[in-house]
Amino acid sequence: MNLTDAVILRIEQLCIEHNMNKYQLFKASGVPQSTLTSIKKKRSNSVKTTLYSICEGFGISLEQFFNSPLFARENLVD
């Protein structure tokens with residue numbers, strides 16, 4: 001799995017954990033729904049620049065976001 005795929009999956013996991021949809025995440029993070037959709041559909045290269053705002057929307061740190069087996073080196077490919 002590459003980093004973008006792992007980030008997309010982690011956002012989806014956190015939405016489920018926080019019982020949030022894309023609109024609620026947009027309201028909480030300030031990241032436009034169109035950006036969230038672009039990330040999910042891999043049309044955006046802004047994953048790294050918007051990740052902090054997404055974490056703010058969930059009320060978690062970047063460390064908490066990346067604290068997932070999805071980001072283990074053995075699970076990621078370039």
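This text follows the structure it describes.
As a starting point, this report considers the structure included with it. (Residues numbered from 1 in each chain as written. Predicted model: local features only at pLDDT ≥ 70, side-chain atom pairs only at ≥ 80, totals over all residues. Heavy atoms only, no water.)

### Looking at helix α1 (residues 3-17)
Moving on, step 1. Across its 15 residues, α1 extends 21 Å between first and last C-alpha, which sits within 8% of the 21 Å expected from 1.5 Å per residue.
Moving on, step 2. All buried positions along α1 are accounted for by A6, V7, I8, R10, I11, L14 and C15.
Moving on, step 3. Its buried side turned inward, α1 meets α2 (22-29), α3 (33-40), α4 (47-58) and α5 (62-66).
Moving on, step 4. Just downstream of α1 lies N19, where phi reads positive at about 50°. (Helix = DSSP H or I, 4+ residues; strand = E, 2+ residues; numbered from the N terminus. Expected span 1.5 Å × (residues − 1). Buried < 20%, exposed > 50% of the residue type's maximum accessible area, 1.4 Å probe, protein only. Contact = heavy atoms within 4.5 Å.)

### Side note on the packing of α3 against α4
Moving on, step 1. At a minimum axis separation of 11 Å, α3 and α4 run at an interaxial angle of 125°. Looking at the two axes, α3 sits oblique to α4. You can see that α3 and α4 cross each other, and the crossing is left-handed. For the pair α3 and α4, the contacting residues are T35, L36 and I39 in the first and V47, T50 and I54 in the second.
Moving on, step 2. Classifying every residue of the contact of α3 with α4 by side-chain character gives four nonpolar, two polar and no charged. (Axes fitted to C-alpha atoms, helices over the stretch in contact; angles between N-to-C directions. Parallel < 35°, antiparallel > 145°, perpendicular 65-115°, else oblique. Left-handed = near helix turned anticlockwise from the far one by under 90°. Nonpolar A, V, L, I, M, F, W, Y, C, P; charged D, E, K, R; others polar.)

### Things to note about the nonpolar core
Moving on, step 1. If you look at the biggest cluster of nonpolar residues, it comprises 20 residues, and the most contacted ones within it are V7, I11, L25, I54, F58 and F65.
Moving on, step 2. Secondary-structure elements contributing two or more residues to this core are α1, α3 and α4.
Moving on, step 3. Residue contributions to this core peak at six residues, all from α1.
Moving on, step 4. If we ignore the near neighbours within four places in the chain, the residues touching F58 are I11, L14, C15, H18, M20 and L25. (Core = buried A, V, L, I, M, F, W, Y, C linked by side-chain atoms within 4.5 Å.)

### Overview of the layout of surface pockets
Moving on, step 1. If you add up the space inside the largest pocket, you get close to 190 Å³.
Moving on, step 2. Forming the walls of the largest pocket are L3, T4, V7, K42, R43, S44, N45, V47, K48, L51 and F66.
Moving on, step 3. Going through the elements one at a time, α1 and α4 are the ones with two or more residues in the lining of the largest pocket.
Moving on, step 4. Across the lining of the largest pocket, the residue classes break down as five nonpolar, three polar and three charged. (1 Å grid on protein atoms, 1.4 Å probe; cavity = no way out; pocket = protein on both sides within 12 Å on 5 of 7 lines; lining within 4 Å. Points joined across faces, edges and corners; volume = space filled by probe spheres on them.)

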